[in-house]
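Structure assessment
So the chains spell out like this:
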Amino acid sequence: MNRIVIENCAVATVDADDTEYASGHLVVAGNRIESVGAGPAPREPAGVVRRIDGTGHLATPGLVNTHHHFYQWLTRGLAQDCNLFDWLVALYPTWARIDEEMVHAAARGSLAMMARGGVTTAMDHHYVFPRGTGDLLGAEIRAARELGVRFTAARGSMDRGASDGGLPPDFAVETTEGALTATEEAIDTHHDGSFDSMLQIAVAPCSPFSVSTALLREGAVLARRKGVRLHTHGSETVEEEKFCHELFGMGPTDYFESTGWLGEDVWMAHCVHMNDADIAAFARTGTGVAHCPSSNARLAAGIARVPDLLAARVPVGLGVDGTASNESGELHTELRNALLVNRLGSHREKALTVRQALRLGTYGGAQVLGRQDQIGSLEPGKLADLVLWKLDGIGHSTIADPVAALVLGAAAPVTLSLVNGEPVVEGGRLLTADEDEIARTARDEAHRLARIAAGG
């Protein structure tokens, strides 16, 4: 078995005890972590194909993204001064013109940006399926395979168009039966539930204001029959709260519970506007949260109660969200933004520590995706998804605490990123794709989408 040895680096394992080593080592054997500890590797393992001097670096688990919309890579920088509902109304007519080539280019751009910044497990929630535009979910899956990133594809859906009181235009939604059939086909075709899995599928109707109650209920039944996870948007804005009360006579959390959408196999994006009873319901049922601080700020949604969620032992991970509401497309910057934004809330300087922020982006994300036994911390037997961050440059060299340097300092360069034991990034550049080609293709597809949306 081929082995990679990394030595002389600081190590933040993000295990249950938050074990750290000021100078430690990691040994990777095949696609698993074989050992991690203080000092150099204790002996010369057999089959070493590479030995890396990590002086000046911090090793962490690979970052885990828990919420995204890849297709939005083609519509960045638009609707700059809108709240969520106005932003959606402004962009849905453009998004409803996407096709397979566009989604593939957008997925490659989104994945490349995250991978360059230390993401080893990506997730995408794709819910726009215009008729006759090709295999959109397959385009994303193909892009993740090409870039070598572990991937959870949440097969989204919408069946509540504008004529039924929803936000998306009618031509952008599916029938309830069509959405459920396509979702089941995606699970049967693509889902791999094994320990080493590089691809999993989740059932993911879009949101309370774009799907019917029937789709939510039947989607939950489908997911549990197939043994896969459930994902949707929840409690993102005050407008959503008002919408749910007017249409269903209850708030979002109560509505989700009435449709079978609370449980250990469920995670929801945003969860900004939650009261104490909502948080207690999530804690009681083990429902997870994808916290998206930059997107929440971009759309003026508010500040999620992350300290209270964590105190209640609710699983919480971090999400980039779509790049039409977080144009940077990076997850490592969300570590910093999660800490800073939450310190603007009622808990102030006690809201989050730098180590809690790192946990959100690693183990917390793995827990939300149901993969905490396989990824999210640096422990023997877990999959070898890890990042070596360079912290001895001008942006970090005077910050003695390496975790604080990573979270609070400038975006740290990635010297090495391993996914399943294989190098994906070295020296800050992708090994698995041509970044310049990705940029050119995405630009061309963005221009083509704009022309089509304008009627050209």
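Going by an unreviewed UniProt entry, the chain carries the name 8-oxoguanine deaminase and comes from Streptomyces coffeae.

1. Some points on the pattern of salt bridges
Under the criterion given, the structure shown has 27 salt bridges. Two residues, Glu34 and Arg3, come together in a salt bridge whose shortest N-O distance is 2.8 Å. With Glu34 in strand β3 (residues 32-38) and Arg3 in strand β1 (residues 3-12), this pair connects stretches of sequence that are 31 residues apart. Across the pair Glu435 and Arg429 runs a salt bridge, and its minimum N-O distance is 3.0 Å.

2. Focus on the packing of helix α2 (residues 100-116) against helix α14 (residues 435-453)
α14 packs onto α2 with a crossing angle of 140° between their chain directions and a minimal axis gap of 9 Å. By the angle class used here, α2 and α14 are oblique. Crossing of α2 against α14: the hand is left-handed. Every residue of α14 that contacts α2 at Glu101, Met102, Ala105, Arg108, Gly109, Ala112 and Arg116 is listed here: Glu435, Glu437, Ile438, Thr441, Ala442, Glu445, Arg448, Leu449 and Ile452. For the contact of α2 with α14, a count of residues per class yields seven nonpolar, two polar and seven charged.

3. Some points on the sheet that holds strand β10 (residues 229-234)
Reading across the sheet, the eight strands line up as β6-β7-β8-β9-β10-β11-β12-β13 and stay open at both edges, with parallel pairing between neighbours. Unpaired on one side and paired on the other, β6 (63-64) and β13 (316-318) mark the two borders of the sheet. Here strand β7 (residues 119-126) pairs with strand β8 (residues 150-157) via six bridges, running parallel. Residue pairing across strands places His125 opposite Ala154, the latter belonging to β8. The sheet contacts of helix α3 (residues 136-147) involve β7, β8 and β9 (199-205), and relative to β8 the element is tilted by about 170°.

Conventions adopted
- Residues numbered from 1 in each chain as written.
- Predicted model: local features only at pLDDT ≥ 70, side-chain atom pairs only at ≥ 80, totals over all residues.
- Heavy atoms only, no water.
- Salt bridge = Lys/Arg side-chain N within 4 Å of Asp/Glu carboxyl O.
- Helix = DSSP H or I, 4+ residues; strand = E, 2+ residues; numbered from the N terminus.
- Axes fitted to C-alpha atoms, helices over the stretch in contact; angles between N-to-C directions.
- Parallel < 35°, antiparallel > 145°, perpendicular 65-115°, else oblique.
- Left-handed = near helix turned anticlockwise from the far one by under 90°.
- Contact = heavy atoms within 4.5 Å.
- Nonpolar A, V, L, I, M, F, W, Y, C, P; charged D, E, K, R; others polar.
- Pairing = 2+ DSSP bridges.

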